[in-house]
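# Structural description and commentary
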Amino acid sequence: MALDDPKTLVSTDWLAAHLKDPDLRILDASWYLPAMERDAKAEYAEAHIPGARFFDIDDVSDARSEMPHMVPPVEKFMSRMRAMGVGDGHQIVVYDGAGIFSAARVWWLFRLMGQMNIAVLDGGLRKWVAEGRDTDDLPPVIRDRHMTVRRQNQMVRDVTQVAHAAKLGDHEIVDARGAARFRGEAAEPRAGLRAGHIPGSKNVPFDTLLNDDGTMKSPDALRAVFEAAGVDVTKPAITTCGSGVTAAILSLAMERFGKSDHSLYDGSWAEWGAFPTMPVATGEA
């Protein structure tokens, strides 16, 4: 696989070369945990890659759910994208301010909605700025564009499906949270959640898939990280994390090394850890 793939991951060089393409749409999908003490919208307003629109992960979600930023209904996704001027025939590049953190969630969401022409910017805004590339503070010019959505239901899993998979052992459930949270040794950032992991799941902390500069490791190196964590990459995979954001980094990594039979547990630990009836394991995988 070439390093630059407009369906998974593109470099800052690729984006710089295509910045003026009429059908390119750039999304700033920065999103941070409260402990990070960063304001994604304020940072976007101050400086973003020229032409970028702000994609609000918490807004483009299912407002009816008590869970954080769950997948929005198809109609809501379509109307929000139309309002952002993102639609059919566009090549989309999504980035975030951390490197690769929340952008992968938006990449996964577009693919769930049947939109394949979307790539994450490798290294994100952090790398773009470090290379001395241009940013601006101008709002983008929006022109309505219709988007055709064909939801790919096999790409998302709910709690019942994950519980079933855990019981049968016919999927690899892979958790992107840090090792201490996975083992149940560190408290969850969300109140009221038990500590530990889904029984039978494996732990691939999302940062083990990234280089020091926030770029993603090579496809071969990514596969090696999963295998070192005991993941059987020949089995279909379900990715999970704290609330369904960093799980998508695992999904992107799998796609990079040629594994396409993966789905994401949207409720993730925010849901599983809140249900007293769900079994919880602690310690190593």
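Residues numbered from 1 in each chain as written. Predicted model: local features only at pLDDT ≥ 70, side-chain atom pairs only at ≥ 80, totals over all residues. Heavy atoms only, no water.

## Quick look at the sheet that holds strand 2 (residues 24-28)
Spatially, 5 strands are ordered 1-5-4-2-3 in an open sheet, and the strand pairing comes out parallel. Both outer strands of the open sheet, strand 1 (9-10) and strand 3 (53-54), are each paired with one neighbouring strand and no more. Lying on the sheet, helix 4 (residues 103-112) is in contact with strand 2, strand 4 (91-95) and strand 5 (118-121); it crosses strand 5 at an angle near 175°. (Pairing = 2+ DSSP bridges. Helix = DSSP H or I, 4+ residues; strand = E, 2+ residues; numbered from the N terminus. Contact = heavy atoms within 4.5 Å. Axes fitted to C-alpha atoms, helices over the stretch in contact; angles between N-to-C directions.)

## Looking at the pattern of salt bridges
For the coordinates displayed, the defined rule picks out 18 salt bridges. Two residues, Glu131 and Lys127, come together in a salt bridge whose shortest N-O distance is 2.6 Å. According to the relative accessible area criterion, Glu131 is partly exposed, its value standing at 36%. Between Glu131 and Arg133 there is a salt bridge, with the nearest N and O atoms lying 2.8 Å from each other. (Salt bridge = Lys/Arg side-chain N within 4 Å of Asp/Glu carboxyl O. Buried < 20%, exposed > 50% of the residue type's maximum accessible area, 1.4 Å probe, protein only.)

## Digging into the packing of helix 4 against helix 9 (residues 247-256)
Here helix 4 crosses helix 9 at 70°, and the two axes come no closer than 8 Å. Of the possible angle classes, the one that applies to helix 4 and helix 9 is roughly perpendicular. The crossing of helix 4 and helix 9 is left-handed. Facing Ala104, Arg105, Trp107, Trp108 and Arg111 of helix 4, the residues of helix 9 in contact are Ala248, Ile249, Ser251, Leu252 and Glu255. A class-by-class count of the residues in the contact of helix 4 with helix 9 yields 6 nonpolar, 1 polar and 3 charged. (Parallel < 35°, antiparallel > 145°, perpendicular 65-115°, else oblique. Left-handed = near helix turned anticlockwise from the far one by under 90°. Nonpolar A, V, L, I, M, F, W, Y, C, P; charged D, E, K, R; others polar.)

## Some thoughts on the pairing of strand 4
For strand 4, the buried fraction is high: 5 of the 5 residues fall into the buried class. Of the two faces of strand 4, both are covered, the one formed by Gln91, Val93 and Tyr95 as well as the one formed by Ile92 and Val94. As paired elements, strand 2 and strand 4 share 5 bridges and run parallel to each other. Opposite Asp28, over in strand 4, you have Tyr95 as the bridge partner.

## A short note on the pairing of strand 10 (residues 262-265)
Burial of the side chains of strand 10 extends over both faces: His262 and Leu264 are buried on one face and Ser263 and Tyr265 on the other. Direction of pairing for strand 6 (residues 156-157) relative to strand 10: parallel, over a ladder of 2 bridges. The residue bridging Arg157 from the neighbouring strand is Tyr265, located in strand 10.

## Thoughts on the side chain of Ser30
With respect to the helices, strands and loops of the structure, Ser30 is situated in the loop between strand 2 and helix 2 (40-46). With relative accessibility at 6%, the residue Ser30 sits in the buried group. There is a polar contact of 2.7 Å between the side chain of Ser30 and the side chain of Asp28. Among the polar contacts listed, one links the side chain of Ser30 to the backbone nitrogen of Gly97, at a separation of 2.9 Å. With near-sequence residues (within four places) excluded, Ser30 lies in contact with Ala40, Phe54, Tyr95, Asp96, Gly97 and Ser102. (Polar contact = N/O pair within 3.5 Å; in protein donor to acceptor, adjacent residues only side chain to side chain.)

## With respect to the environment of Trp272
Here Trp272 shows up in helix 10 (residues 268-272). Take Trp272: its relative accessible area is 1%, and that puts it in the buried class. On a C-alpha basis, the gap between Trp272 and Glu172 in space is 17 Å, while along the polypeptide they are 100 residues apart. Those residues in contact with Trp272, other than ones at most four positions away along the chain, are Val159, Val162, Ala163, Arg194, Ile198, Pro199, Tyr265, Met278, Pro279 and Val280.

## Some details on the side chain of Asp28
In this structure, Asp28 sits in strand 2. It turns out Asp28 is buried and unbridged, and the closest side chain with the opposite charge, Arg38, is 8.6 Å from it. Of the polar contacts made by the side chain of Asp28, one reaches the side chain of Tyr95; its length is 3.1 Å. (Lys, Arg positive; Asp, Glu negative; His and termini not counted.)

## Points about the nonpolar core
Among the nonpolar cores identified, the biggest contains 54 residues, and Phe55, Trp108, Phe110 and Phe226 are the most heavily contacted of them. Put simply, the parts of the chain that give this core at least two residues each are helix 3 (74-84), strand 4, helix 4, strand 5, helix 8 (219-228) and helix 9. Per-element accounting of this core gives the leading share, 8 residues, to helix 4. Residues contacting Phe226, with those up to four places away along its chain left out, are Val174, Val204, Leu209, Val231, Val233, Leu250, Ala253, Met254 and Phe257. With 17 residues, the next largest nonpolar core counts Ile26, Tyr32, Val93 and Tyr95 among its residues. (Core = buried A, V, L, I, M, F, W, Y, C linked by side-chain atoms within 4.5 Å.)

## Comments concerning the packing of helix 8 against helix 9
In helix packing, the relevant descriptors are the interaxial angle and the interaxial distance, both defined with respect to the helix axes. Running from N to C, helix 8 and helix 9 point in directions that differ by 120°, and their axes come no closer than 8 Å. Considered as vectors, helix 8 and helix 9 are oriented oblique to each other. Both helix 8 and helix 9 take part in a crossing whose hand is left-handed. In this structure, helix 8 uses Pro219, Leu222 and Phe226 to contact helix 9, whose residues at the interface are Leu250, Ala253, Met254 and Arg256. Tallied by class, the residues present in the contact of helix 8 with helix 9 amount to 6 nonpolar, no polar and 1 charged.

Fair warning: the whole summary comes from geometry, so function is off the table for now.
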